[in-house]
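A closer look at the structure
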Amino acid sequence: TEMNTIRIVEKFIAMHSSISAYDIRRKNLNGSEAAFISSKNELRGLPIWIFSEGMLTSTDIVATCKNGIETDGVKVHPYLVVVDYVQQLFDARTSDINNALSMISTRLQQHCVAQNQTLIAVSRVNKDAQKDHFLNNDFGGYSLQGTSAFMYDADVVLLLKRKYNSDKDKQLLKVKIEKSRFGEDGIVVDCYINLKNGIIAEMEKEHEKVQMELHKS
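Quick caveat, the model's predicted, so the values are computed rather than measured. (Residues numbered from 1 in each chain as written. Predicted model: local features only at pLDDT ≥ 70, side-chain atom pairs only at ≥ 80, totals over all residues. Heavy atoms only, no water.)

A closer look at unusual backbone geometry
Even without being a glycine, Lys27 presents a positive backbone phi close to 55 degrees. With respect to the secondary-structure elements, Lys27 resides in the loop between helix H2 (21-25) and helix H3 (33-44). For Lys27, a relative accessible area of 73% translates into the label exposed. In this model, Asn30 sits at a positive phi of 50 degrees, which is unusual for a non-glycine residue. Following the sequence through the fold, Asn30 ends up in the loop between H2 and H3. Judged by its relative accessible area of 60%, Asn30 is exposed. (Helix = DSSP H or I, 4+ residues; strand = E, 2+ residues; numbered from the N terminus. Buried < 20%, exposed > 50% of the residue type's maximum accessible area, 1.4 Å probe, protein only.)

Shown next, in the form of C-alpha coordinates:
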(Lines give C-alpha, C1' and ligand atoms only; values in the text may rest on other atoms or scores of the structure.)
Protein backbone atom coordinates (compact mmCIF):
# COMPACT_ATOMS: atom_id res chain seq x y z
CA THR A 1 0.00 0.00 0.00
CA GLU A 2 1.12 3.61 -0.60
CA MET A 3 -0.58 4.78 2.61
CA ASN A 4 1.22 4.36 5.92
CA THR A 5 -0.07 1.87 8.47
CA ILE A 6 -1.39 4.45 10.94
CA ARG A 7 -3.59 6.13 8.31
CA ILE A 8 -4.99 2.77 7.17
CA VAL A 9 -5.88 1.81 10.74
CA GLU A 10 -7.57 5.18 11.23
CA LYS A 11 -9.68 4.60 8.12
CA PHE A 12 -10.63 1.09 9.27
CA ILE A 13 -11.82 2.47 12.61
CA ALA A 14 -13.66 5.34 10.89
CA MET A 15 -15.59 2.97 8.62
CA HIS A 16 -16.34 0.55 11.45
CA SER A 17 -17.46 3.19 13.97
CA SER A 18 -18.85 5.86 11.58
CA ILE A 19 -16.61 8.40 13.32
CA SER A 20 -14.98 10.99 11.05
CA ALA A 21 -11.47 9.94 10.04
CA TYR A 22 -10.48 13.59 10.34
CA ASP A 23 -11.62 13.65 13.99
CA ILE A 24 -9.77 10.40 14.70
CA ARG A 25 -6.59 11.79 13.15
CA ARG A 26 -6.91 15.00 15.21
CA LYS A 27 -7.84 13.02 18.36
CA ASN A 28 -11.03 15.07 18.58
CA LEU A 29 -13.63 12.39 19.36
CA ASN A 30 -16.29 14.73 20.81
CA GLY A 31 -18.03 12.16 22.97
CA SER A 32 -17.40 9.22 20.63
CA GLU A 33 -14.69 7.70 22.82
CA ALA A 34 -16.76 4.60 23.63
CA ALA A 35 -17.48 3.87 19.94
CA PHE A 36 -13.82 4.42 19.11
CA ILE A 37 -12.58 2.02 21.78
CA SER A 38 -15.21 -0.58 20.88
CA SER A 39 -14.29 -0.50 17.18
CA LYS A 40 -10.58 -0.60 17.94
CA ASN A 41 -11.01 -3.66 20.16
CA GLU A 42 -13.19 -5.48 17.61
CA LEU A 43 -10.79 -4.79 14.75
CA ARG A 44 -7.82 -5.86 16.88
CA GLY A 45 -9.28 -9.36 17.08
CA LEU A 46 -9.66 -9.75 13.32
CA PRO A 47 -7.02 -11.39 11.07
CA ILE A 48 -5.93 -8.18 9.34
CA TRP A 49 -2.33 -7.58 8.33
CA ILE A 50 -0.91 -4.44 6.72
CA PHE A 51 2.32 -4.49 4.73
CA SER A 52 3.69 -1.10 3.74
CA GLU A 53 7.27 -2.06 2.95
CA GLY A 54 8.58 -0.36 -0.18
CA MET A 55 10.42 -3.50 -1.37
CA LEU A 56 7.36 -5.77 -1.48
CA THR A 57 6.94 -7.75 -4.73
CA SER A 58 4.12 -9.78 -6.24
CA THR A 59 6.20 -12.90 -5.50
CA ASP A 60 6.18 -11.91 -1.80
CA ILE A 61 2.38 -11.58 -1.91
CA VAL A 62 1.96 -15.03 -3.45
CA ALA A 63 4.39 -16.59 -0.94
CA THR A 64 2.56 -14.98 1.99
CA CYS A 65 -0.79 -16.26 0.75
CA LYS A 66 0.58 -19.74 0.15
CA ASN A 67 2.62 -20.13 3.34
CA GLY A 68 0.30 -18.24 5.65
CA ILE A 69 1.04 -15.81 8.47
CA GLU A 70 1.81 -17.12 11.93
CA THR A 71 -0.16 -15.49 14.73
CA ASP A 72 -0.01 -16.76 18.31
CA GLY A 73 1.52 -20.01 17.09
CA VAL A 74 -1.21 -20.59 14.50
CA LYS A 75 -0.74 -20.19 10.75
CA VAL A 76 -3.53 -18.26 9.05
CA HIS A 77 -3.96 -18.04 5.28
CA PRO A 78 -5.41 -14.70 4.15
CA TYR A 79 -8.55 -15.04 2.08
CA LEU A 80 -8.59 -11.43 0.87
CA VAL A 81 -5.54 -9.48 -0.25
CA VAL A 82 -5.83 -5.84 -1.34
CA VAL A 83 -2.95 -4.40 -3.37
CA ASP A 84 -3.07 -0.58 -3.31
CA TYR A 85 -1.71 0.32 -5.64
CA VAL A 86 -0.01 -2.18 -7.88
CA GLN A 87 2.54 0.20 -9.40
CA GLN A 88 4.07 0.63 -5.94
CA LEU A 89 5.17 -3.01 -5.96
CA PHE A 90 8.94 -3.25 -6.32
CA ASP A 91 8.75 -5.50 -9.40
CA ALA A 92 6.59 -2.86 -11.13
CA ARG A 93 9.27 -0.18 -10.84
CA THR A 94 10.79 -0.54 -14.29
CA SER A 95 10.87 1.37 -17.53
CA ASP A 96 8.88 -1.41 -19.23
CA ILE A 97 5.87 -0.92 -16.99
CA ASN A 98 3.34 -2.63 -19.28
CA ASN A 99 5.36 -5.85 -19.39
CA ALA A 100 5.92 -5.71 -15.62
CA LEU A 101 2.18 -5.28 -14.94
CA SER A 102 1.41 -8.17 -17.28
CA MET A 103 3.78 -10.47 -15.38
CA ILE A 104 2.36 -9.34 -12.01
CA SER A 105 -1.20 -9.90 -13.19
CA THR A 106 -0.40 -13.40 -14.46
CA ARG A 107 1.44 -14.32 -11.24
CA LEU A 108 -1.44 -13.21 -9.00
CA GLN A 109 -4.09 -14.82 -11.19
CA GLN A 110 -2.26 -18.15 -11.37
CA HIS A 111 -1.99 -18.23 -7.59
CA CYS A 112 -5.73 -17.62 -7.17
CA VAL A 113 -6.54 -20.42 -9.60
CA ALA A 114 -4.04 -22.87 -8.09
CA GLN A 115 -4.93 -22.26 -4.42
CA ASN A 116 -8.64 -21.58 -4.89
CA GLN A 117 -8.72 -19.90 -1.50
CA THR A 118 -7.44 -16.37 -1.96
CA LEU A 119 -9.27 -13.40 -3.43
CA ILE A 120 -6.86 -10.72 -4.61
CA ALA A 121 -8.19 -7.21 -5.23
CA VAL A 122 -5.92 -4.83 -7.14
CA SER A 123 -6.72 -1.11 -7.03
CA ARG A 124 -5.34 1.83 -8.97
CA VAL A 125 -3.73 -0.25 -11.69
CA ASN A 126 -3.21 2.84 -13.85
CA LYS A 127 -1.60 5.83 -12.13
CA ASP A 128 -2.91 8.13 -14.91
CA ALA A 129 -6.55 7.21 -14.28
CA GLN A 130 -6.92 10.36 -12.19
CA LYS A 131 -6.77 12.33 -15.43
CA ASP A 132 -10.29 11.15 -16.18
CA HIS A 133 -11.48 13.04 -13.12
CA PHE A 134 -9.73 16.23 -14.15
CA LEU A 135 -11.06 15.95 -17.70
CA ASN A 136 -14.54 15.27 -16.30
CA ASN A 137 -15.04 12.26 -18.56
CA ASP A 138 -17.26 9.40 -17.47
CA PHE A 139 -14.97 6.38 -17.24
CA GLY A 140 -12.69 7.79 -19.94
CA GLY A 141 -9.85 6.12 -21.80
CA TYR A 142 -7.15 6.88 -19.24
CA SER A 143 -8.71 4.48 -16.72
CA LEU A 144 -8.04 1.45 -18.94
CA GLN A 145 -4.74 2.38 -20.57
CA GLY A 146 -2.02 -0.16 -19.90
CA THR A 147 -4.33 -2.49 -18.00
CA SER A 148 -5.07 -5.11 -20.67
CA ALA A 149 -3.43 -7.92 -18.66
CA PHE A 150 -5.54 -7.21 -15.58
CA MET A 151 -8.65 -6.77 -17.72
CA TYR A 152 -8.05 -10.24 -19.18
CA ASP A 153 -7.06 -12.06 -15.98
CA ALA A 154 -9.58 -10.52 -13.57
CA ASP A 155 -12.98 -12.06 -12.88
CA VAL A 156 -14.46 -8.66 -12.02
CA VAL A 157 -13.37 -5.18 -13.09
CA LEU A 158 -14.94 -2.13 -11.46
CA LEU A 159 -14.39 1.46 -12.54
CA LEU A 160 -15.01 4.24 -10.02
CA LYS A 161 -15.85 7.82 -10.91
CA ARG A 162 -16.37 10.46 -8.23
CA LYS A 163 -18.55 13.44 -9.07
CA TYR A 164 -17.25 16.46 -7.21
CA ASN A 165 -19.83 18.81 -5.75
CA SER A 166 -20.23 21.43 -3.04
CA ASP A 167 -21.29 18.91 -0.38
CA LYS A 168 -18.40 18.59 2.05
CA ASP A 169 -19.78 15.43 3.65
CA LYS A 170 -21.09 13.37 0.70
CA GLN A 171 -20.24 13.05 -2.94
CA LEU A 172 -21.74 11.05 -5.76
CA LEU A 173 -19.75 7.99 -6.74
CA LYS A 174 -20.52 6.12 -9.93
CA VAL A 175 -19.46 2.47 -10.02
CA LYS A 176 -19.34 0.76 -13.41
CA ILE A 177 -19.14 -3.01 -13.73
CA GLU A 178 -16.77 -3.05 -16.68
CA LYS A 179 -16.37 -6.84 -16.59
CA SER A 180 -17.95 -9.73 -14.71
CA ARG A 181 -17.45 -13.41 -15.39
CA PHE A 182 -20.39 -14.19 -13.13
CA GLY A 183 -23.08 -11.86 -14.39
CA GLU A 184 -24.03 -8.84 -16.45
CA ASP A 185 -21.49 -6.14 -17.20
CA GLY A 186 -21.78 -2.57 -18.38
CA ILE A 187 -24.02 -1.68 -15.42
CA VAL A 188 -23.50 1.67 -13.68
CA VAL A 189 -24.53 1.93 -10.03
CA ASP A 190 -25.01 5.35 -8.43
CA CYS A 191 -23.64 5.53 -4.90
CA TYR A 192 -22.82 8.03 -2.21
CA ILE A 193 -19.45 8.14 -0.52
CA ASN A 194 -19.32 9.60 2.96
CA LEU A 195 -16.17 11.70 2.92
CA LYS A 196 -15.90 11.67 6.71
CA ASN A 197 -15.55 7.93 7.17
CA GLY A 198 -15.23 6.47 3.66
CA ILE A 199 -18.46 4.44 3.82
CA ILE A 200 -20.09 3.83 0.43
CA ALA A 201 -23.83 3.22 0.05
CA GLU A 202 -26.08 2.74 -2.95
CA MET A 203 -28.06 5.85 -3.74
CA GLU A 204 -31.40 4.01 -3.70
CA LYS A 205 -30.70 2.53 -0.27
CA GLU A 206 -29.56 5.94 0.97
CA HIS A 207 -32.79 7.43 -0.38
CA GLU A 208 -34.85 4.75 1.37
CA LYS A 209 -33.02 5.45 4.63
CA VAL A 210 -33.78 9.18 4.37
CA GLN A 211 -37.43 8.49 3.61
CA MET A 212 -37.70 6.19 6.64
CA GLU A 213 -36.16 8.83 8.88
CA LEU A 214 -38.57 11.46 7.55
CA HIS A 215 -41.51 9.11 8.09
CA LYS A 216 -40.46 8.51 11.69
CA SER A 217 -40.24 12.24 12.36
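Observations concerning a nonpolar patch on the surface
On the surface, Phe12, Met15, Leu46, Ile48 and Ile199 cluster together to form a nonpolar patch covering roughly 390 Å² of accessible area. With respect to the secondary-structure elements, Ile199 resides in the loop between strand E7 (188-194) and strand E8 (200-202). (Patch = residues over 30% accessible without salt bridge, like charges linked within 9 Å, V, L, I, M, F, W, Y side chains within 5 Å. Areas by Shrake-Rupley, 256 points an atom, 1.4 Å probe, with all protein chains shown as cover. Salt bridge = Lys/Arg side-chain N within 4 Å of Asp/Glu carboxyl O.)

Examining the environment of Met203
Along the chain, Met203 turns up in helix H8 (residues 203-216). Spatially, the C-alpha atom of Met203 lies 9.1 Å from that of Leu173, the residues being 30 residues apart in sequence.

Focus: the pattern of salt bridges
As enumerated under the stated definition, the model contains 6 salt bridges in all. We note a salt bridge from Asp155 to Arg181, for which the minimum N-O separation is 2.7 Å. Highlighted residues: Asp155 in the loop between helix H7 (148-153) and strand E5 (156-163) and Arg181 in the loop between strand E6 (170-180) and E7, separated in sequence by 26 residues. Overall, Asp155 belongs to the partly exposed group, its relative accessible area being 38%. The exposure class assigned to Arg181 is partly exposed, which follows from its relative accessible area of 46%. The salt bridge involving Lys174 is made with Asp190; its shortest N-O contact spans 2.8 Å.

Digging into the nonpolar core
Grouped together as the largest cluster of nonpolar side chains are 13 residues, with contacts concentrated most on Ile61, Val81, Val83, Val86, Leu89, Ile104 and Leu108. Put simply, the parts of the chain that give this core at least two residues each are helix H4 (58-67), strand E3 (80-84) and helix H5 (97-115). Not counting the four nearest positions on each side in its chain, Ile104 is found in contact with Ser58, Val86, Leu89, Asp91, Ala92 and Phe150. Core analysis: the second largest hydrophobic core is formed by 8 residues, Ala14, Ile19, Ala21 and Phe36 among them. (Core = buried A, V, L, I, M, F, W, Y, C linked by side-chain atoms within 4.5 Å. Contact = heavy atoms within 4.5 Å.)

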